[in-house]
Amino acid sequence: MARSKVWKYYDKISNNTAQCQLCEKIIKTSGNTSNLMKHMKTHPQIDLNNNESVVMRGMFKRESHGKYHSGSGLVIKTKAEPDNFIELDDASCQPVEQAAGESVIFWTTGETESAAETVSAEDIIEFEPKVANDASAEASTALFEIPDLPLDDVEEVITNFHSNLDARVAGQRSFLQNMAFFVCRDRHPLHIIQAEGFKHLISELCPGSKPPSVDELGTYIYNQRQLQASKLRQQLAGLSTLSLSCAVHTKPEERSYLVLAVHFFEGLEKVSRTLSVQSLPEHFSASQIEERMERVCRRFDISKTKITCVVTRGCRRLEDAVASLLGDHRHMPCFGDLLNTILEKTMLRKEIIHFGEKVRPYVAHYLDSGALLWQRKLQLDVKQCPLSTFDMLERYIKYAPHLLKYVPLEISPPLSEEELEQCRELLGVLKPLASSMRELSRAGETSFPDASKALPIAYTLINELKKHRSSENQLTYDLRMVLLHQLEECFDSMENNIQLAMATLLDPRFRTMPFFYSELASHYKKDLCEIFQTHAKPRVAATAQEDTDENYDIWAAYKTLSHEKEKHRQSTEPNDQDDEISSYFDGRISSLQEEPMKLWENLMYLHPFLHGLAKKYLHIPATAVPPGLFTAAGEQYAKLTGAYMENTLFMADVPFNEWQ
């Protein structure tokens, strides 16, 4: 049956509620469209039979004084963006005057609407927060939206929910909170709490406690998501710059999902948060992805001018969507996916497949043998995870000489001495690549590695593969040359990606070092100098705040004196370092152990202009998905499908002390 035309003007929130795109009221649907049709009568300007009409979100949204916006203003107004790749929007840099013909992108719904305006309580019609649990195709393709309640109203809902819990069972609130955190942080499906083993664990650890039902746990997580989404929206509204990552996850014979995350600095700490997980139609297009990205940005008050770039992984349609939304110059491919693709192709070479097919059953036999010591040392690989196949072979090669001494098996060793040596040589070629992927995974399950690491890692990989090995045979040489050719092809486009280049140049740990083409690095430096001289008006460099007697810090005073002395030296000694650009790039490379923004704590006094740019580019991630997805741990993520998935993934990034 064809979908009702009235849905053109609504976003489906749950099985029983929908939000009007015109006035953003929440309407109770009760499983049909009767209330939706009745509500449309309050907008007589809209002709439901006009198939060419364009929906303008919020055009009839109620203002604080009781009036409505007129429909004459544009909801989204887009012009061509300036060609210059640097926007001086930080407080430490003076903004550039906008020339005639250059662009601005407006995302507001009217001249008087504030960036943080939300739907008020009077705009909610028969709304009760419930978790969506609709298995129909219509629900699975709808955009998952969060009711846009004021923060005070959301906190009141949470407080009432907690009061009901405490009234029913003493301590139930704390018990439910801990269980919800466990499910969300480790990305478990909610039905794990119904498993017999889990129930036994709870009964042993918490005698007398009764685990909540899936619906109770889902409702609790849903309420927490509402609260955290409102807080995150307010936080993002106050930022001047951020970056996004976007990926499409598709499982065989199942629906595809679009995952959008945001990355920004909170003080010196980089924060990454999942914004949205949305299902996609079976045959989705770039325009459908773009539409979903726009809706999420509007929902969280993210203007296009704030977005430094979008990192994508998954398909060409994602890149086309970003190009249409922001332009080609604000897109960056996922570096982790690039390395994973190269390793995946390599593990499909016939010689690697040959060794894998021989070793795999032998390792499986050992794991089933009861030899606990070796069960901890050996491991089987995981499908669609090439790094796990490398780990399986590497561990077997390492421990093969000792296996038969401790646990002799009836089956013979899978590889001869000659094959062991050949496999060892091939893995030696792949080791730098595997090490690079582990480095990207070091960021953790809920954080993303820095984009500034991508060029240094690729640069080092290429130099390692260029090293000639006198004893290598033809098979090993061929593998090394194939990897070298693939990486060199990728590196050229990486160096020419402005976002990636700027992140690397502005990271004090790397600066201009990881560039093969010195002319290109010089070109970027020249661009920075020209913009600095043209647009950065003279200003006093940042200075440390004076300490009061109560919190006086001797080392803070020393830092201030040392910076003053260094500035005096540079101003009196004759040298060519007549601006902060040259002095920064001529400085020493900083320690690799330090976080880049913590290094800028000291550098900002001498390089305030570059410090402002660093805050714009250093939050860009090197990958479009959490790094665990490139390892065997990523299998846990793939289990999250169906109902509650969106809430679970949204809350997975929230620290425990922020749960309420």
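This text gives an overview of the structure that appears in the document.

Scoring rules and cut-offs
- Residues numbered from 1 in each chain as written.
- Predicted model: local features only at pLDDT ≥ 70, side-chain atom pairs only at ≥ 80, totals over all residues.
- Heavy atoms only, no water.
- Pairing = 2+ DSSP bridges.
- Helix = DSSP H or I, 4+ residues; strand = E, 2+ residues; numbered from the N terminus.
- Axes fitted to C-alpha atoms, helices over the stretch in contact; angles between N-to-C directions.
- Core = buried A, V, L, I, M, F, W, Y, C linked by side-chain atoms within 4.5 Å.
- Buried < 20%, exposed > 50% of the residue type's maximum accessible area, 1.4 Å probe, protein only.
- Contact = heavy atoms within 4.5 Å.
- Salt bridge = Lys/Arg side-chain N within 4 Å of Asp/Glu carboxyl O.

## Comments concerning the sheet that holds strand 7 (residues 307-313)
Next, step 1: The strand order across the open sheet built from 5 strands is 6-5-4-7-8, with neighbouring strands paired in mixed fashion. If you trace the sheet from one side to the other, it starts and ends with strand 6 (269-279) and strand 8 (331-333), each paired once. Going from strand to strand, the sheet's axes swing by 25° on average, the running direction of each strand aside.
Next, step 2: Here 5 bridges tie strand 4 (residues 242-250) to strand 7, and the two strands are oriented parallel to one another. Bridge pairing in strand 7 places Leu 242 opposite Ile 307.

## Section: the nonpolar core
Next, step 1: Phe 335, Tyr 396 and Leu 610 are the most contacted members of the largest nonpolar core, which has 83 residues in total.
Next, step 2: A total of 10 residues in this core trace back to one element, the largest contributor, which is helix 13 (residues 417-441).
Next, step 3: The residues contacting Leu 610, other than those within four sequence positions of it, are Leu 506, Leu 528, Glu 580, Ile 581, Tyr 584 and Trp 600.
Next, step 4: Judged by nonpolar contacts, the second largest core, of 51 residues, contains Leu 176, Ile 202, Ala 229 and Trp 659.

## Topic: the sheet that holds strand 2 (residues 17-20)
Across a sheet, paired strands are connected by hydrogen bonds in the backbone, their directions being either parallel or antiparallel.
Next, step 1: Read from one edge of the open sheet, 3 strands run 1-2-3, paired in antiparallel fashion. The sheet is open, and its two borders are formed by strand 1 (10-12) and strand 3 (26-28), each paired with just one other strand. The mean inter-strand angle of the sheet, taken between neighbouring strand axes irrespective of direction, is 35°.

## Topic: the pattern of salt bridges
Next, step 1: Counted by the stated rule, this structure contains 23 salt bridges.
Next, step 2: Measuring nitrogen to oxygen at the nearest pair gives 2.8 Å for the salt bridge that ties Arg 349 to Glu 351.
Next, step 3: Exposure remark for Arg 349: the relative accessible area of 22% places this residue in the partly exposed category.
Next, step 4: What makes Glu 351 buried here is its relative accessible area of 10%.
Next, step 5: Put simply, Arg 424 and Glu 421 hold a salt bridge, and the shortest N to O gap is 3.0 Å. Here Glu 421 and Arg 424 lie together in helix 13, a separation of 3 residues that amounts to about one turn.
Next, step 6: One salt-bridge network, held together by shared partners, links Lys 270, Asp 450, Asp 507 and Arg 509.

## Describing the pairing of strand 4
Next, step 1: The element strand 4 is largely enclosed, with a buried count of 8 among its 9 residues.
Next, step 2: Pairing of strand 4 with strand 5 (residues 256-266) involves 8 bridges; the strand directions are antiparallel. Along strand 5, the bridge assignment pairs Cys 246 with Leu 260.

## Quick look at the environment of Ser 256
Next, step 1: By secondary structure assignment, the location of Ser 256 is in strand 5.
Next, step 2: Exposure remark for Ser 256: the relative accessible area of 8% places this residue in the buried category.
Next, step 3: When sequence neighbours within four positions are dropped, the list of residues in contact with Ser 256 reads Val 248, His 249, Thr 250, Gln 278, Ser 279, Leu 280 and Phe 284.

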